Amino acid sequence: MKNTTVAIRYAKAYFENCMSNNTIENSYSDILIIKDALNQSRELKSILSNPIIKMDKKKEIISELFKDRVSEDTIKFLFFVVEQNRIDILNIILDKYCDLYYEYKNILKVEVCSYIELTEEQKSKIINKIKEITKKNIQAVFKVDTNTQGGFVLYFNDLVYDYSFKKQINKLRAELLK
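For the structure given in this document, a descriptive report is provided here. (Residues numbered from 1 in each chain as written. Predicted model: local features only at pLDDT ≥ 70, side-chain atom pairs only at ≥ 80, totals over all residues. Heavy atoms only, no water.)

**Observations concerning unusual backbone geometry**
Now for step 1: With a phi close to 55°, Asn-85 is a non-glycine residue in the positive phi region.
Now for step 2: Relative to the assigned elements, Asn-85 resides in the loop between helix H5 (72–83) and helix H6 (90–104).
Now for step 3: Under the relative-accessibility criterion, Asn-85 is labelled exposed at 58%.
Now for step 4: Phi at Lys-135 is positive, roughly 60°, even though this residue is not glycine.
Now for step 5: Its location among the elements puts Lys-135 in the loop between helix H7 (120–134) and strand E2 (137–144).
Now for step 6: What makes Lys-135 exposed here is its relative accessible area of 63%. (Helix = DSSP H or I, 4+ residues; strand = E, 2+ residues; numbered from the N terminus. Buried < 20%, exposed > 50% of the residue type's maximum accessible area, 1.4 Å probe, protein only.)

**Quick look at the pattern of salt bridges**
Now for step 1: Enumeration according to the criterion identifies 11 salt bridges in this entry.
Now for step 2: Between Glu-60 and Lys-57 there is a salt bridge whose closest N-O contact spans 3.6 Å. Here the residue Glu-60 and the residue Lys-57 both occupy positions in helix H4 (residues 55–66), the gap between them amounting to 3 residues, near one helical turn.
Now for step 3: Look at Lys-57 and you get partly exposed, because its relative accessible area is 41%.
Now for step 4: Glu-64 is the salt-bridge partner of Lys-67, the closest N and O atoms lying 3.5 Å from each other.
Now for step 5: With a relative accessible area of 52%, Glu-64 lands in the exposed category.
Now for step 6: Among the charged side chains, a salt-bridge network with shared partners connects Glu-117, Glu-120 and Lys-123. (Salt bridge = Lys/Arg side-chain N within 4 Å of Asp/Glu carboxyl O.)

**Comments concerning the layout of surface pockets**
Over the atoms rolls a probe the size of a water molecule, and its path tells where empty space is left.
Now for step 1: Quantified by volume, the largest pocket comes out at close to 530 Å³.
Now for step 2: Lining the largest pocket are 18 residues, with Asp-99, Lys-109, Phe-156, Asn-157 and Asp-158 positioned closest to its centre.
Now for step 3: Sorting the residues of the lining of the largest pocket by element identifies H6, strand E1 (107–114), E2 and strand E3 (151–156) as the ones contributing at least two each.
Now for step 4: A per-element tally of the lining of the largest pocket places E1 first, with 5 residues.
Now for step 5: Here the lining of the largest pocket is built from residues that sort into 8 nonpolar, 2 polar and 8 charged. (1 Å grid on protein atoms, 1.4 Å probe; cavity = no way out; pocket = protein on both sides within 12 Å on 5 of 7 lines; lining within 4 Å. Points joined across faces, edges and corners; volume = space filled by probe spheres on them. Nonpolar A, V, L, I, M, F, W, Y, C, P; charged D, E, K, R; others polar.)

**What to know about the pairing of E1**
Now for step 1: Relative to E2, E1 runs parallel, the two sharing 8 bridges. Bridging across to E2, Ile-107 finds its partner in Asn-137.
Now for step 2: Handedness of the β-α-β unit built from E1, H7 and E2 comes out right-handed.
Now for step 3: One ladder, built from 4 bridges, connects E1 with E3; its direction is antiparallel. Looking at the pairing, Cys-113 lines up with Val-153 of E3. (Pairing = 2+ DSSP bridges. Right-handed = clockwise from strand over helix to strand, strands pointing away.)

**Focus: the packing of aromatic side chains**
Now for step 1: Inspection of every chain in the model, using the stated rule, returns 10 aromatic pairs.
Now for step 2: Taken together, a centroid distance of 4.3 Å and an interplanar angle of 15° make the contact between Tyr-14 and Phe-77 stacked. Taken together, the positions of Tyr-14 in helix H1 (residues 2–21) and Phe-77 in helix H5 put the pair 63 residues apart, joining distant regions of the chain. Each member of the pair, Tyr-14 together with Phe-77, is buried.
Now for step 3: One aromatic cluster in this structure is built from Tyr-14, Phe-15, Phe-77, Tyr-97 and Tyr-104. (Phe/Tyr/Trp six-rings, centres within 6.5 Å; stacked < 30°, edge-to-face > 60°.)

Right, here's the structure in full:
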């Protein structure tokens, strides 16, 4: 919990800095590049979070990896995170920055899990219905999950809307066993 609170502060500070410099879009792209690099490389994560590796070496690694891929401001922010010994919560900071960006852009991230691959028409209907209800722009990720046994499950804003057959069957079973 404490790490999340600290991460929110760092993310908010960097976000506000980007707002004042009018670099929100560029910094968001930078954040996605960094998140992708961290997600693809366990080695990078472990090197950056290793307390034995010196701060200067971590900065050198960051500089080499990202100098041609992200802005100077983003690299300075990463250096600041390293200097404050908060690199171990970098992923959380980046996630919180993305949350701030989505809020600023009125974007709602939605995950839809269904038993089978949905058609483009079905995807569009789901997105449009969520957009109509929430009045937000929808960024949806569609996944196949055979555990649903049919139907679909929506995940957004820490909420779950379960329209799966599995849930309906379990609900019916519970009613019959009363």
